[in-house]
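Below are the chains, spelled out letter by letter.
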Amino acid sequence: MDDQTLPAVSASRICKQFNGIEILRDVSLEVQTSETVCVIGPSGSGKSTFLRCLNWLEVPDSGAVRIGGRPFGVVPLSGGGTRPMSKTELAAARTRISMVFQHFALWPHLTVLGNVVEAPIHVLKRPRAEALEEGRRLLDRVGLGHKADVFPHTLSGGQKQRVAISRALAMRPEVLLFDEPTSALDPEMVGEVLAVIRDLAAEGMTMIVVTHEMGFAREAADRIVFIDGGQIIEVGEPEAFFERPATERARRFIARYMK
């Protein structure tokens, strides 16, 4: 089967515990190429843990992840079974799936442009001139070309998050993961970050977005995934989910968050 016909992301029966407390239980999800999936649910429901399991920032206790049909986090063995990826193998695999964090995670000692080009130059071994040219183009794309040579501490929260998105895009990933990308922002800065993510969705970037922004999820998502108590409770298209939720748990959640 050609990779183009396979799901961009496939998670199968992911389970995860911390200190004996079950955080995720048999969570399975497929995301198609060019699809935007918004993952929503109450605080502490396992959303961010699930996202981190997808790129092995958290190692699942059991279950499997595939990116474009290829196993992630483990290497199949010729005689059957698997072994964990080495650090080098995992670093190479992670170039295919970039993540944007709640708190930006920019390097304070590098300029804005330096943050964007660091990984393409040192991880992907791209020529410096090529990486710098693409970095400036990506910053222009998010409206921050004029900030290329300043340091992160001079930026607003919304600007820092847009730099973080540019940095993720600079890796040319197959999939973008967003973990509550607006939760650390002042309300007036939320819109500028969501506008960038909306544009990426319109352009066909494959994205999984954990968010509390219900209006954004309703407008930008192709599908909504509702997680509660470490399980996927309901999956549906935005209009159906928000207007006609199939489960009582989803109805209660919508009633609370859509007031």
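See above for the structure.
Reading the values: rules and limits
- Within any chain, residue numbers begin from 1 and follow the written order of that chain's sequence.
- Predicted model: local features are reported for residues with pLDDT of at least 70 only, side-chain atom pairs are reported and counted for 80 or more only, and whole-chain, interface and lining totals are derived from all residues.
- Hydrogens and waters are ignored; side-chain quantities use all the structure's heavy atoms.
- Runs of H or I in DSSP of at least four residues are treated as helices and runs of E of at least two as strands, each being numbered from the N terminus.
- Each radius of gyration reported is based on C-alpha atoms, and the globular scaling rule is 2.2 Å times the count of residues to the power 0.38.
- Accessibility here uses a 1.4 Å probe with only protein chains present; expressed as a share of the type maximum, an area under 20% marks a residue as buried, one over 50% as exposed, and anything in between as partly exposed.
- It only takes one pair of heavy atoms within 4.5 Å for two residues to be counted as in contact.
- The pairing criterion for strands is at least two bridges between them, as found by DSSP.
- Salt bridge, as used here: a side-chain nitrogen of Lys or Arg that lies within 4 Å of a carboxyl oxygen of Asp or Glu.
- Axis definition: a line fitted to C-alpha atoms, limited for helices to the stretch in contact. Angles are taken between N-to-C directions and run from 0 to 180 degrees.
- For a helix, the expected span equals 1.5 Å multiplied by the residue count minus one.
- Along the arc lie the directions from the helix axis toward the C-beta atoms.
- In plain words, nonpolar cores are sets of buried Ala, Val, Leu, Ile, Met, Phe, Trp, Tyr and Cys residues tied together by side-chain atoms within 4.5 Å.

### Let's talk about the overall build of the chain
Alright, step 1. Counting secondary structure elements, the chain contains nine helices and 12 strands.
Alright, step 2. In terms of overall size, the chain behaves like a compact globule, its C-alpha atoms giving a radius of gyration of 19 Å where 259 residues would be expected to give roughly 18 Å.
Alright, step 3. Across its three principal axes, the chain shows a C-alpha extent of roughly 55 × 50 × 40 Å.
Alright, step 4. Looking at the 259 residues of the chain, the share that counts as buried comes to 51%.
Alright, step 5. For the chain, long-range pairs separated by at least 24 residues make up 66% of all intrachain contacts whose partners lie at least 6 apart in sequence.

### Concerning the pairing of strand β3 (residues 36-40)
Alright, step 1. Here β3 lies mainly inside the structure; five of its five residues are buried.
Alright, step 2. Of the two faces of β3, the one holding Thr 36, Cys 38 and Ile 40 and the one holding Val 37 and Val 39 are both buried throughout.
Alright, step 3. As paired strands, β3 and strand β10 (residues 207-210) are joined by four bridges and run parallel to one another. Looking at β10, one finds that Val 39 is bridged to Val 210.
Alright, step 4. Of the strand pairs in this sheet, β3 and strand β11 (residues 223-228) are connected by four bridges, and their pairing is parallel. The partner of Val 37 across the bridge, within β11, is Arg 223.

### Describing the environment of Gln 159
Alright, step 1. Mapped onto the secondary structure, Gln 159 falls in helix α5 (residues 157-169).
Alright, step 2. Gln 159 gets classed as buried once you look at its relative accessible area, which sits at 15%.
Alright, step 3. Spatially, the C-alpha atoms of Gln 159 and Arg 141 are 12 Å apart, while their sequence positions differ by 18 residues.
Alright, step 4. With sequence-adjacent residues up to four places away left out, Gln 159 is seen in contact with Leu 144, Lys 147 and Glu 192.

### Topic: unusual backbone geometry
Excluding glycine, a negative phi dihedral is what most residues carry, and trans is how most peptide bonds are arranged.
Alright, step 1. In this structure, Asn 19 is a non-glycine residue whose phi angle is positive, near 50°.
Alright, step 2. Here Asn 19 lies in the loop between β1 (9-18) and β2 (21-31).
Alright, step 3. Asn 19 gets classed as exposed once you look at its relative accessible area, which sits at 82%.
Alright, step 4. Phi is positive for Arg 172, close to 50°, though the residue is something other than glycine.
Alright, step 5. Within the element layout of this structure, Arg 172 appears in the loop between α5 and β9 (175-179).
Alright, step 6. Exposure remark for Arg 172: the relative accessible area of 48% places this residue in the partly exposed category.

### Section: the pattern of salt bridges
Alright, step 1. Scanning all chains against the criterion turns up 19 salt bridges.
Alright, step 2. For Arg 52, the salt bridge goes to Glu 58, with nearest N and O atoms at 3.6 Å.
Alright, step 3. Here Glu 134 and Arg 137 are joined by a salt bridge, their closest N and O atoms 3.3 Å apart. Residue Glu 134 and its partner Arg 137 are both found in helix α4 (residues 128-141); the two are separated by three residues, about one turn of the helix.

### Focus on the sheet that holds strand β8 (residues 97-100)
Alright, step 1. Ordered in space as β8-β9-β10-β3-β11-β12, the six strands form an open sheet in which the pairing is mixed. Each edge of the sheet is formed by a strand with only one pairing partner; in this case those strands are β8 and β12 (231-236). Here the strands of the sheet are splayed against their neighbours by 20° on average, with no regard to which way each runs.

### Describing α4
Alright, step 1. Along its 14 residues, α4 runs 20 Å from first to last C-alpha, staying within 8% of the 20 Å computed at 1.5 Å per residue.
Alright, step 2. Listed as buried for α4 are Ala 131, Glu 134, Gly 135, Leu 138 and Leu 139. The arc enclosing the buried residues of α4, seen along the axis, measures out at 140°, which places them on a common side. Across α4 from its buried face, at more than 90 degrees, point the exposed residues Ala 129, Glu 133 and Asp 140.
Alright, step 3. Looking at the packing, one finds that the buried side of α4 touches α3 (112-122) and α5.

### Some thoughts on the nonpolar core
Alright, step 1. Core analysis: the largest hydrophobic core is formed by 49 residues, its most contacted members being Ile 40, Ile 165, Phe 178, Ile 197, Leu 200 and Met 207.
Alright, step 2. The element contributing the most residues to this core is helix α6 (residues 187-202), with eight residues.
Alright, step 3. In this structure Leu 200 touches Arg 141, Ile 165, Leu 169, Leu 176, Phe 178, Met 205 and Met 207, once residues within four positions along its chain are discounted.
Alright, step 4. Membership of the second largest hydrophobic core comes to 29 residues, among which are Val 27, Val 31, Leu 90 and Val 225.

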